[in-house]
Structure formats: structure tokens, C-alpha cells
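Secondary and tertiary structure notes
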Amino acid sequence: MPTIAERLPSHGVRLIRRWPVRGIVANIAVSLILLYIVLAVLGPYITPFAPNQVGAGPRLSPPSGDHWFGTDALGRDQLSRVVTAARPALLSAVYAVTFAFAIGTVIGISAGFLGGLWDGGLSRVVDLLFAIPEYLLAILVIAVMGSGLVNASLAIGIACIPRFARIARGSTLAIMERDFIDAARLCGRGGVWIMRRHILPNIASPLVIMTAINMSTAEGAYAALSFLGFGIRPPEADYGSMISSSQQYLLTDPWVVAFPSIAFVTLVLAFNLIGDVMRDHLDPRSRRGVSRFSASPTE
Amino acid sequence: MLLYLSKKLAGAFGVLLVLSALIFFAGRGLVPGNPAAVIAGSKASPETIAAIEHQLGLDQPIYRQYLDWLTAAFRGDLGTSPISSQANIDVIAQQAPVSLELSLMGLLIAVVIGIPVGVIAANRSGSGTDLGIRVPLLIVFAFPAFVSGSAALYLATHYLTNLYSASYIPFSDNAIANLQTMLLPALAVGIPTAPLVTQMTRSSMIEVLSQPFIATAHTNGIAEWRIKYVYALRAALPPVLTLIGFIFGLLVGGLFIVEEIFSLPGLGRGVLDSISNRDFSQVTAQAIVMAAAFILGNLLVDLALPFVDRRILRK
């Protein structure tokens, strides 16, 4: 016979039913993300030119009917490159956040649940990671491991671990006070089962908010690293490296910098908006004083 | 207070010590294979390589190298670069003031914009003003330093040619010329950070304004401005101060980018140069100075907190 907990819709289903997408701004943000996902998947098949094709048009031509976003210093079609760059942009954020989420959550929950020496030791390690400026940490990791999409994303992921670990630990400690944890213990449930079935679903809200916020952070950090030359290897299209390699033409042909910048800022903005909306929706404390901006009239 | 102070000092020192080890080993990992062989060049004889190894102390076990390095560091000697044969501390003494000035100016800009705007947004929370503040800030926040920096550079060289001069001049040589160079990079660092300060101030103020002591102040007939700007703002400050500690980290990140864009001879650019030169000795020294500055900044925030909120001492 299924238990009550099993007959209830799973947490994931409940989360989707109260999908926090209400209000115009939130819907625009979600649509933008979906657009970038479509571009990331279909990118290579729909671009008018091959993204790395040198001399697809005249060098540094302004936006025109043939080249909507103009061409760069090597005559490559900027529209094609901007579209293609959606894939590394999204992938880097997904890699980094998945890595930080996985490691940080395991550290945080186990530290909060087990307490004692384990907690003390892990918390020190997390404090230590927090004590290094994130960019310095990421650059040092890359200096040792080498640059590239995966390495840069991992470096960002490592720098983001403490954020997840801290929030997971804090939320776990709050949940540990609740009676149902004691009840589960009395039923003879093991630690891992309790952590997975009781604690993880109950701290999902802050973790989801953290994930959304970190998507934009990771995306920005990856573009910054790529700007500094630590990202995906040229000539592959990437927002950061596109902006840095066109920097010298900024004064004469501003659009070569403008289009990748706009594409990148739009993506970060969309992630930020979603993070904001989710926080307003899932975190009851910040809902007070929330404006029409995130409009969530239900609940 | 003394206990709190010594606890924080000891904590910061411990963290710095462990970090120094991490950074030291990361620095050694920068050069694949034998650094001495890289320095000696591809045609060097084994004897030359061994001599260089001995000279750099690389023939010692790694923990021994670290301990030697650490004891030297306590005496203020951060090693000598085997690439440029300059003392690292001299190079850093040139670079650090640039970065320090840039981050302090950036922080000042972020705070001067961030806190008042956050207070205004909190006082009118839910209104059109609040919305009118939050949406543009969210957009500004999406602009990373390398985009806002590029935009600032474009504007400066096109429209504000009198305001901006590209060559860096130390503050002590000519303060006005120095500020001319630094103001724009500082804006590029500070403005994207301001929204964080605003958001934290806003949510902290909203929280405080709903507390009983504010209602009590109202019933006692205390002037509205006094309640908001004296009582509430002070109570709302601790989370904002803590955030400033976090912002130091962002500023360090901004340094790498903004110094690169504006060609400022600071630490951020120095680290990148050292990495591309595979100068492990110099990058170790630069990274440890950066980390130490960050830890010191956070320590100062910790020490300032009890002055805003006495309750922290009782914990």
C-alpha cells in the first residue's frame, strides 16, 4: 500500500503546478531563455553563414540586408556568430551550476544533518573557499588545469560551491528542528533516506532560487573569463572572446562590439529576472513589499 | 570587544595561512614539467638545469620549498621572479596602489549610489517609484564590467575627451591627472555593483520598517524622517555591511577585466601577465597579496559591525 507521501504529487510536479511564471516581465524572461535554448540547439543549422567562415562579407561592414549584424574584422558574419555563441554561453552556465549544485548541496546537507566534527571540518573548508575572491580562484584553477569551455566552467563551479553549501546547510539546520525528522528516525529510517526524501525536497525552494541566481553569475563569469582568453578556443564563437577581439574596433565600428554585448546582456538579464521572480515567489520573507513587478497573486 | 577582535584576527590569520599553501601549490602547478628546464631553454645542458634548480631551491622537497617561502614571506620577501629577475615585492609595490585606488573608488561609487537609492525604494515599496528604481537597476546589474567598461571607454574617447586621459599617472605625482584616468574605470567597476547594495538595503529596510520598535517610535510622535533615516537605517545596515565584504570579491574580479580594458598597470593585469609568462614565482606573490587584501577588507567589515550593532558582541 502506498504511503501518503507517495500518493501526493511529487515535489517536481507541485513545483511545476505553481510555476512562478505570472506577470509580463517573468513571461518575457522565460521566453527569452527558451529562445536561447532553441538557438543553442539549432544554431549551426539555421545560421545564414558558417560562423567561422572568413570573408563571408567585406571586412567590418555595418549592418545590412545581407549581414543583419554586420561583419567583424575578418569579414565573418556577426549574426551567425552571435547565434552560434548561444551554445557555449548556456552550456558553461549549466556545467558550472550543476557542478556547484551537486557538490555544494551534498556538502551542505550532510554537514547540517550529521553535525559534529564532519560539520566543523566541512564548514571550515567552505569558509576557506569563501575567503578567496571568486575570480582569483577561478583564474588560478584555470592556470593549473588549462583553459577551454569545460575547464572554465568547472573553475566557476568550484568558486560557486560555497554559496550552495552555505544555503543548503542553513536550510537543513532549520528543517532538522521539525518533528517529522524525529518521526522518520523513530521509524528506523536511515540517514541517507531522510536526507534524500525529507530534507532535500524541503530545502528545494532556496536551492532553486540559488540555482537561478547562479545561472546568471556563472554566465557572466564565463563570458568574463572568455573575454580574458580563458574560454573556448578561437575561432569558435563566444560572446566574451568576440567582445575582446573586437575591442580595438570599438571606436571606429562600434557595432562589432555592440551585437555580442547585447546578445550576452539580454541572456544574463533574463536569468536575473527569473531569479528575482522565483525569489519573490518561493521565499515568503521577501514577498512582503513585492510589487506588481513580479505579480504573483496566488497563494 | 577584545575577545571578538582577537577571535576575528586569529580566524583571518588562519585562513591566510591555509590560503598561502593553496596558492603556493597552485603556482607550482602553473608550469608543466620542470620550471628550471623552461627557464634554461630547450638547448640547455643537464648541468645548467640542475644549477638553476638548485638556485631556485627546486631540488628541495615541495613542503620544504613552501616553508622556506613562508618564512621569507614573513620577513617581507616574496621571492624574486626567475623570468624578469625583479623582486616580486617591488613589482607588487608598483601594481597594488593602482588596484587599491580602483577598488576603493568603485566601492565608494557603489555605496554612494546604492544605499540612498535602496532607502528610497524601501520607503515607497510597492509603488511606481519602487518599480521605476528596481527595473533599471536589474538591467544595469546585467551589464558585466567588460561590457560597461567598453561602453564607458567608447563614450569617453568620443564625447568626454577632456574628462578622460588614457595614460596612468600615480596619485602622488599629479592627483588631478590621476583622477582623470581612474574615474572612468572606477565607474565601470562601481556602477554594476551598485544594484547589489540597493537590493540589500531595500530588503533590509523593508524588514526593519515592519518591526515593533518602528511602530513604537511612530506612537511616540517621533518625526518621520528621524525614524526612517536615523533609527531604521542604522538597524538595516549590518546586512549591507556584510554584503560590502562580499563586494570586495566582486571588485577583485572587476580588476582583472577593467584594468585589462583601460590598460591600467594594476595587480589584476599583473596576475594575467604573470600567468601568460608562466612566471610561477610572481603569480604566487601577486595572488597572495590579492587574497590578503580581500581577507583584510572582510576583517575590517567584521570589526566595523559591532559599532553598528552591539548585539553581535554578545553572540
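This write-up is about the structure you can find in this document. (Residues numbered from 1 in each chain as written. Chains lettered and ligands numbered in written order. Predicted model: local features only at pLDDT ≥ 70, side-chain atom pairs only at ≥ 80, totals over all residues. Heavy atoms only, no water.)

1. Here we look at helix 12 (residues 267-276) of chain B
Turn by turn, an α-helix covers 3.6 residues, leaving residues three or four places apart pointing in a common direction. Burial within helix 12 of chain B is extensive, with seven of its ten residues counted as buried. B:Leu267, B:Gly268, B:Gly270, B:Val271, B:Leu272, B:Ser274 and B:Ile275 are the residues of helix 12 of chain B that are buried. Elements that come into contact with the buried residues of helix 12 of chain B comprise helix 7 (134-145) of chain A together with helix 5 (88-123), helix 11 (224-261) and helix 13 (280-308) of chain B. Backbone geometry just after helix 12 of chain B places B:Arg278 at a positive phi near 55°. (Buried < 20%, exposed > 50% of the residue type's maximum accessible area, 1.4 Å probe, protein only. Helix = DSSP H or I, 4+ residues; strand = E, 2+ residues; numbered from the N terminus. Contact = heavy atoms within 4.5 Å.)

2. Brief notes about the pattern of salt bridges
All names here are of chain A. Under the criterion given, the structure shown has ten salt bridges over all chains. Between Asp72 and Arg76 there is a salt bridge, with the nearest N and O atoms lying 3.0 Å from each other. Arg76 carries the same exposure label as Asp72, and that label is buried. In this structure, Arg166 and Asp127 form a salt bridge, with 2.6 Å as the shortest nitrogen-oxygen distance. Within this pair, whereas Arg166 is found in helix 8 (residues 149-176), its partner Asp127 is found in helix 6 (residues 116-130), the two being separated by 39 residues in sequence. Each of Asp72, Arg76 and Arg81 takes part in one network of salt bridges that share partners. (Salt bridge = Lys/Arg side-chain N within 4 Å of Asp/Glu carboxyl O.)

3. As for empty space enclosed by the protein
A complete count under the given rule lists one cavity of 30 Å³ or more for this structure. Estimates place the volume of the largest cavity at around 30 Å³. Surrounding the largest cavity, A:Leu140, A:Ala143, A:Val144, B:Ala26, B:Gly27, B:Leu30, B:Ile275 and B:Val283 form its lining. Those elements that place two or more of their residues in the lining of the largest cavity are helix 7 of chain A together with helix 1 (2-28) of chain B. (1 Å grid on protein atoms, 1.4 Å probe; cavity = no way out; pocket = protein on both sides within 12 Å on 5 of 7 lines; lining within 4 Å. Points joined across faces, edges and corners; volume = space filled by probe spheres on them.)

4. Examining the packing of aromatic side chains
A complete count under the given rule lists eleven aromatic pairs over all chains for this structure. On the basis of an interplanar angle of 35° and a centroid distance of 6.3 Å, the ring pair of B:Phe13 and B:Phe74 is categorised as tilted. Remark: B:Phe74 occurs in helix 4 (residues 62-74) and B:Phe13 occurs in helix 1; sequence separation between them is 61 residues. Their ring planes at 45° and their centres at 5.4 Å tell us that B:Phe24 and B:Trp69 sit as a pair that is tilted. Here B:Phe24, found in helix 1, pairs with B:Trp69, found in helix 4; they are 45 residues apart in sequence, far enough to count as distant. Take B:Phe24 and B:Trp69: they sit in the same class, and that class is buried. Among the aromatic residues, ring-to-ring pairing joins A:Phe227, A:Tyr239, A:Phe264 and B:Phe146 into one connected group. The positively charged end of A:Arg189 is found above the aromatic ring belonging to A:Trp193, 3.9 Å away from the centroid. (Phe/Tyr/Trp six-rings, centres within 6.5 Å; stacked < 30°, edge-to-face > 60°. Lys NZ or Arg CZ within 6 Å of the ring centre and 35° of its normal.)

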